[in-house]
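Residues per chain are reported as follows:
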Amino acid sequence: MMTQTFTVANPAGFHVRPIKTFVQAASEFPCKINVICKGKKVNGKSSLSMLTLGIAAHDEVTLEIDGDREEEAMKTLGELLVKIHE
């Protein structure tokens, strides 16, 4: 299992569009992906669950990834968290 914390760079936070992009990317990996923010842990492959986190700009988000291709998943998903989305 890999765990890493990222700071959300998007000034608008992690709203519907970046969450959709994140969930689509997460769903391509055959591993378990949990996202933790503000003391809540949710399935990173579920848009609805991700929306319940209410991730705002500069929030710290921890990814817990376990399974096949976990290193590749961490790199890909971490980059999405720190990317500034339109």
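For the structure itself, look to the data block above.
Notes on the structure follow. (Residues numbered from 1 in each chain as written. Predicted model: local features only at pLDDT ≥ 70, side-chain atom pairs only at ≥ 80, totals over all residues. Heavy atoms only, no water.)

## Remarks on the nonpolar core
Generally speaking, soluble globular proteins have nonpolar side chains that are buried together.
Phase 1 of the analysis: Ranked by size, the top nonpolar core spans 25 residues in total, and within it Phe14, Phe22, Val35, Met50, Leu63, Ile65 and Leu77 carry the most contacts.
Phase 2 of the analysis: Listing elements by their share of this core, those giving two or more residues are α1 (16-27), β2 (31-37), β4 (60-67) and α3 (70-82).
Phase 3 of the analysis: With residues up to four places along the chain from it excluded, the contact list for Phe22 reads Phe14, Val35, Gly44, Met50, Leu63, Leu77, Leu80 and Leu81. (Core = buried A, V, L, I, M, F, W, Y, C linked by side-chain atoms within 4.5 Å. Buried < 20%, exposed > 50% of the residue type's maximum accessible area, 1.4 Å probe, protein only. Helix = DSSP H or I, 4+ residues; strand = E, 2+ residues; numbered from the N terminus. Contact = heavy atoms within 4.5 Å.)

## Section: the pattern of salt bridges
Phase 1 of the analysis: Counting across every chain of the model gives four salt bridges.
Phase 2 of the analysis: For the salt bridge of Lys38 with Asp59, the shortest nitrogen-to-oxygen distance reads 3.3 Å. Of this pair, Lys38 sits in the loop between β2 and β3 (40-43) while Asp59 sits in the loop between α2 (47-51) and β4, and the two are 21 residues apart along the sequence.
Phase 3 of the analysis: A salt bridge links Glu64 to Lys41; the nearest nitrogen and oxygen atoms lie 3.0 Å apart. Of this pair, Glu64 sits in strand β4 while Lys41 sits in strand β3; the two residues are 23 residues apart in sequence, bridging distant segments of the chain. (Salt bridge = Lys/Arg side-chain N within 4 Å of Asp/Glu carboxyl O.)

## Quick notes on the sheet that holds β4
Phase 1 of the analysis: Taken together, the four strands give an open sheet; going across it, the order is β1-β4-β2-β3, and neighbouring strands pair in antiparallel fashion. Two strands bound the open sheet, and with one partner strand each, they are β1 (2-7) and β3. Within the sheet, the average angular offset between the axes of one strand and its neighbour, ignoring direction, is 25 degrees.
Phase 2 of the analysis: Relative to β4, β2 is paired through six bridges, and the arrangement is antiparallel. (Pairing = 2+ DSSP bridges. Axes fitted to C-alpha atoms, helices over the stretch in contact; angles between N-to-C directions.)

## Observations concerning the packing of α1 against α3
For any two helices packed against each other, the geometry is given by the interaxial angle and the distance between the axes.
Phase 1 of the analysis: In the contact formed by α1 and α3, the axes pass within 10 Å of each other and the chain directions differ by 175 degrees. When the axes of α1 and α3 are compared, the pair comes out roughly antiparallel. Contact residues: α1 offers Thr21, Phe22, Ala25 and Ala26, while α3 offers Thr76, Leu77, Leu80 and Leu81.
Phase 2 of the analysis: Here the contact of α1 with α3 is composed, by residue class, of six nonpolar, two polar and no charged. (Parallel < 35°, antiparallel > 145°, perpendicular 65-115°, else oblique. Nonpolar A, V, L, I, M, F, W, Y, C, P; charged D, E, K, R; others polar.)

## Details of the environment of Leu51
Phase 1 of the analysis: Looking at the element boundaries, Leu51 is found in helix α2.
Phase 2 of the analysis: Along the chain, Leu51 and Ile19 lie 32 residues apart, while their C-alpha atoms are 7.4 Å from each other.
Phase 3 of the analysis: If sequence neighbours within four positions are ignored, Leu51 has contacts with Val16 and Ile19.

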